[in-house]
Amino acid sequence: DADYYASARARGAEDADGDSDGGVVIVEVVAGDAGAGDEGKSAAAVRGGGGAVQKNKAHRDGHVLNHATLWVVQLIFAVMHVFSNRALAHLTPTVFCAFRLAIGMPFLAVNARRERRDAPAMTRGMLVWVFPMACAIGCAYLMVFVCNKRSGASLVAFVQPVMPVSTAVFSAVLGLEPFTRLKAYGVFTVFVGTVVALRAYEIFENHGTSAVDVLLLLTQTNSYAAYVVMLSRATKDHPYPLTFLFLATFLAEIAIFAIAIPSLIKLDITAVPASAWGAVIFAGVGSSAVAHSLNSWAIARVKSVLPTVYSGLQVIFTIILAAIFLNETVGWDQGLGIFVTMIGVSFVARAKYDESHDARASSHAVNAVNAADDDDDDETATSHAPSHRDPALRAITP
């Protein structure tokens, strides 16, 4: 019985959802169900419950901070989309991207160096991944500014939620994860929502969205999705994601800088306003360094599917900022398309959660409660242990 209550109390205190009721509930269950001869056990449970309550409060506060961080990350990305749009009137996308990566490279180098401080020397098995990763992430880096200049900040933001869905599809094709029925529903829903949000059906009209614009927008998201899939596969054998990011970005910067040389030769630096250079610096420091660092910090402390769901915030922030600073408008049909897209993204996120460590841990916790309850029933017909069917106990299982 003591082990049973201790296990349940621990699950209540460490509830992954940050539910601050876990410690309180288990105290009430133990105290209410303990028999007259179990005063010592009941008192110990109550004493332990106070610590659980305090621990849950700290966990809840930290949980709020984690989610607030993800909000800030999506806001930073939205600000980059909007402010870079104005800067692209004075700088070509290749020049903007080359400067942005040059500013962000030192931060990426520091992170990579810290990651490999005590690691062995790089092997050929690691280096073989770097070139294809550089091609994928370099295309994504450059296309986000090409698309921004051609289509506007809002449309660039519209396609960002598609990225995790493309990642799931590519991973399934390579056999890295299963492609379940729920994922298939999600992919189809995202396809419909994206077509409506981008007004892709206008490619058949003379003055509508061009097929080239739609292709470039989808190339940007799918390029980064391809990088993520390759990174996922490579880190199974070589667990150094920040090192791969630095090396891939370094090679991508060399290629993008080479492409930008003709534009750099023609560039009149004095004709570029300070606001444009400010946008470049913000993209280099705010997006490449701050946003990605905060994102990594938060992802390590929340369920892995949450950043996928939070990508919808980037769309909302961009729409608001683009309307204020760029006078861009969003039609009701595009708003509907975004909503449908996020429904599809949630389907894929749910399917990925069901495959995740969190879901397996939750299932194991429930099984442990069931097993403990069965053991208590076997010991005595008049067991005082709470049933796993009790709503109060069910509330403390993740």
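For clarity, every value in this text was computed on a predicted model and none was experimentally measured.

Let's shift gears to the packing of aromatic side chains. One pass over the structure, following the stated rule, counts six aromatic pairs. When the ring of Phe 83 is compared with that of Phe 325, the centres are 5.6 Å apart and the planes differ by 85°; the resulting orientation is edge-to-face. Of this pair, Phe 83 sits in helix 3 (residues 39-87) while Phe 325 sits in helix 12 (residues 306-325), and the two are 242 residues apart along the sequence. Judged by its relative accessible area of 34%, Phe 325 is partly exposed. Between the aromatic rings of Phe 96 and Phe 145, the centroid separation amounts to 4.7 Å while the plane-to-plane angle is 50°, which identifies the pairing as tilted. Residue Phe 96 is found in helix 4 (residues 93-115), and its partner Phe 145 is found in helix 5 (residues 124-151); the two are separated by 49 residues along the sequence.

With that out of the way, let us pick up the confidence of the model for the protein chain. On average, the protein chain scores 77 in pLDDT, and the residues at 70 or more come to 69%. In the model, residues 1-37 has pLDDT below 50 throughout and makes 73 contacts with residues more than four positions away in sequence or in other chains.

What follows concerns the environment of Gly 193. By secondary structure assignment, the location of Gly 193 is in helix 8 (residues 181-197). Take Gly 193: its relative accessible area is 0%, and that puts it in the buried class. Placed 140 residues apart in sequence, Gly 193 and Asp 333 show a C-alpha to C-alpha distance of 9.8 Å. Apart from residues lying up to four places away in sequence, Gly 193 is in contact with Gly 337, Val 340 and Thr 341.

What follows deals with a nonpolar patch on the surface. On the surface, a cluster of nonpolar side chains totalling about 460 Å² of accessible area is made up of Phe 83, Ile 316, Ile 320, Ile 324 and Phe 325. Of the residues forming the nonpolar patch, the biggest block, four residues, is contributed by helix 12. Exposure remark for Phe 83: the relative accessible area of 39% places this residue in the partly exposed category.

Along the polypeptide, Ile 320 turns up in helix 12. According to the relative accessible area criterion, Ile 320 is partly exposed, its value standing at 44%. Spatially, the C-alpha atoms of Ile 320 and Ala 78 are 9.3 Å apart, while their sequence positions differ by 242 residues.

Structurally, the position occupied by Ser 166 is in helix 7 (residues 162-173). Assessed through its relative accessible area of 8%, Ser 166 is described here as buried. For Ser 166, the side chain forms a polar contact with the side chain of Asn 222, separated by 2.6 Å. Among residues more than four places away in sequence, those in contact with Ser 166 are Asn 222 and Ala 225.

Grouped together as the largest cluster of nonpolar side chains are 53 residues, with contacts concentrated most on Phe 96, Met 133 and Tyr 227. Among the elements that make up this core, the one with the highest residue count is helix 5 (13 residues). Leave out the neighbours within four places in its chain, and Tyr 227 touches Met 133, Ala 136, Ile 137, Phe 244, Leu 245 and Ala 248. Counting residues in each nonpolar core, the second largest holds 11 residues, with Leu 70, Val 79, Tyr 310 and Phe 317 among its members.

So, on to the pattern of salt bridges. Should the charged atoms of two oppositely charged side chains come close, the side chains can pair. All told, the structure shown has five salt bridges when counted by the stated rule. Here Asp 354 and Arg 350 are joined by a salt bridge, their closest N and O atoms 3.0 Å apart. Of this pair, Asp 354 and Arg 350 both sit in helix 13 (residues 332-354), four residues apart, which is roughly one turn of the helix. For Asp 354, a relative accessible area of 41% translates into the label partly exposed. Overall, Arg 350 belongs to the partly exposed group, its relative accessible area being 47%.

Reading the values: rules and limits
Residues numbered from 1 in each chain as written. Predicted model: local features only at pLDDT ≥ 70, side-chain atom pairs only at ≥ 80, totals over all residues. Heavy atoms only, no water. Phe/Tyr/Trp six-rings, centres within 6.5 Å; stacked < 30°, edge-to-face > 60°. Helix = DSSP H or I, 4+ residues; strand = E, 2+ residues; numbered from the N terminus. Buried < 20%, exposed > 50% of the residue type's maximum accessible area, 1.4 Å probe, protein only. pLDDT = per-residue confidence, 0-100. Contact = heavy atoms within 4.5 Å. Patch = residues over 30% accessible without salt bridge, like charges linked within 9 Å, V, L, I, M, F, W, Y side chains within 5 Å. Areas by Shrake-Rupley, 256 points an atom, 1.4 Å probe, with all protein chains shown as cover. Salt bridge = Lys/Arg side-chain N within 4 Å of Asp/Glu carboxyl O. Polar contact = N/O pair within 3.5 Å; in protein donor to acceptor, adjacent residues only side chain to side chain. Core = buried A, V, L, I, M, F, W, Y, C linked by side-chain atoms within 4.5 Å.

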